[in-house]
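Structure assessment
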Amino acid sequence: KHFLQYSLLYTYNPAYHGCFGGHQGDLEHVTVYVSKWSNRIDRIFFGAHRDCDGRLVYAKDIEMEDGHPIVYVAN
């Protein structure tokens, strides 16, 4: 498999519900895995602070628009 990894740096991540978690330098990532046989997206990993917080989504469940995947870095 081939993959593309997109890293996003947010200079400030505000606190959740105005209470906890606000911090500087929030780094998130999205990894798009592409089948080397078909050159189609096989799955996407939506990363979070730790690997256990991320979400792996397989091709059949990836939200698409005009042939492009829609990706999110937060709820």
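Everything here concerns the structure above.
Presented here is an overview of the structure given in this document.

Our focus in this paragraph is the nonpolar core. In terms of nonpolar packing, the biggest core is built from 7 residues, these being V30, V32, V34, I44, F46, V57 and I62. Contributions of two or more residues to this core are made by β2 (23–34) and β3 (41–46). Counting residues per element, this core draws most heavily on β2, which supplies 3 residues. Filtering out sequence-adjacent residues up to four positions away, V32 remains in contact with H2, F3, L4, Y6, I41, R43 and I44.

Another point: the side chain of T31. Tracing the sequence through the fold places T31 in strand β2. Given the relative accessible area of 3%, T31 is considered buried. Within the local environment of T31, its side chain forms a polar contact with the side chain of Q5, the two groups lying 2.9 Å apart. Setting aside anything within four residues of it in sequence, one finds T31 in contact with F3, L4, Q5, R43, I44 and F45.

The rules behind each value
Position numbers for residues start from 1 in each chain and track the written sequence from start to end. Local features are withheld for residues below a pLDDT of 70 in this predicted model, meaning they are given only at 70 or higher, and side-chain atom pairs are given and counted only at 80 or more; totals for whole chains, interfaces and linings count all residues. Each side-chain value is worked out from all heavy atoms of the structure, with water and hydrogens disregarded. Take the buried residues of types Ala, Val, Leu, Ile, Met, Phe, Trp, Tyr and Cys, join any two whose side-chain atoms come within 4.5 Å, and each joined set is a nonpolar core. We call a residue buried when its accessible area falls under 20% of the maximum for its residue type, exposed when it is over 50%, and partly exposed in between, using a 1.4 Å probe and counting protein chains only. Think of it this way: any DSSP run of H or I at least four residues long counts as a helix, any run of E at least two long counts as a strand, and we number them from the N terminus. Only heavy atoms matter for contacts: two residues are in contact if any of them lie within 4.5 Å across the pair. Whenever two N or O atoms come within 3.5 Å, that pair is a polar contact, provided that in protein one can donate a hydrogen and the other can accept it, and provided that, for residues adjacent in sequence, both atoms are side-chain atoms.

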